[in-house]
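Close look at the chain arrangement
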Amino acid sequence: MARLRLAYTFGSRLHLPLRGGTPSFGMRPMSRDRRQKRDLHALNDEGMVLCNPRDREAAHRAKMEGIATEDRAAVTCRKCLSLLYERDKVRNEG
Ligand SMILES: [Zn+2]
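Counting from 1, residues in each chain are numbered in the order their sequence is written. Per-residue local features of the predicted model are confined to residues with pLDDT of at least 70, and side-chain atom pairs are confined, for both listing and counting, to 80 or more; whole-chain, interface and lining totals are unaffected and use all residues.

1. Remarks on the overall build of the protein
When its secondary structure is counted, the protein shows two helices and two strands. Reading the protein from its N end, one meets helices and strands in the order β-α-β-α. A total of 94 residues make up the protein; the buried ones form 15% of that total. Residues are treated as contacting if the C-beta atoms built from their backbones sit within 7 Å of each other. Pairs at least 24 apart in sequence give 56% of the contacts found in the protein among residues at least 6 apart. Secondary structure is summarised from DSSP: a helix means a run of H or I of at least four residues, a strand means a run of E of at least two, and numbering begins at the N terminus for each. Whether a residue is buried, exposed or partly exposed follows from its count of other C-beta atoms within 10 Å of its own C-beta, namely 20 or more, 12 or fewer, or something in between, respectively; the C-beta atoms are built from the backbone.

Right, dumping it as structure tokens:
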């Protein structure tokens, strides 16, 4: 009996730039990360989370948990980033 072993692993490793001193926790299986690294959200002028501007609770929690920043270079939330980008566009055009 011949045993065939298919050992194909597709090189789908993502190279994400890691900023900050986040320790990497080794190799993880390719599954949905439930406990992903937290995104950093941007705050708007009112101190609300940019991608969730109506939720005061979210803003409060974001501040408490340190997942909101006014430093837009540190923002990692894609939604916030695109919103920041949109705001810039509006400002530049206006
Ligand atoms: Zn966000």
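2. Focus on the nonpolar core
Leu-43, Val-49, Leu-50 and Cys-80 are the most contacted members of the largest nonpolar core, which totals 13 residues. Setting aside chain neighbours within four positions, we find Leu-43 in contact with Met-48, Val-49, Leu-50, Ala-68 and Glu-70. Put simply, a nonpolar core is buried Ala, Val, Leu, Ile, Met, Phe, Trp, Tyr and Cys residues tied into one set by C-beta atoms within 7 Å.

3. Considering the confidence of the model for the protein
On average, residues of the protein score 78 in pLDDT, and 61% of them reach the 70 mark or higher. Summary of the metric used: pLDDT quantifies the predictor's per-residue confidence within the range 0 to 100. Note that residues 6-12 has pLDDT below 50 and, in this model, zero contacts with residues that lie over four places away or in other chains.

4. Regarding helix 2 (residues 78-93)
Expected span of a helix, by definition, is 1.5 Å for each gap between consecutive residues, and there is one gap fewer than residues. Compared with the 22 Å implied by 1.5 Å per residue over 16 residues, the 22 Å span of helix 2 between its first and last C-alpha is a close match. With respect to burial, helix 2 is a largely exposed element, only one of its 16 residues being buried.

5. Some details on the environment of Leu-43
Within the secondary structure layout, Leu-43 lies in the loop between strand 1 (41-42) and helix 1 (56-64). Sequence separation between Leu-43 and Glu-70 is 27 residues; the distance between their C-alpha atoms is 5.8 Å.

6. Some remarks on the environment of Leu-50
With respect to the helices and strands, Leu-50 occurs in the loop between strand 1 and helix 1. Sequence separation between Leu-50 and Leu-81 is 31 residues, and the spatial gap between their C-alpha atoms is 8.9 Å.

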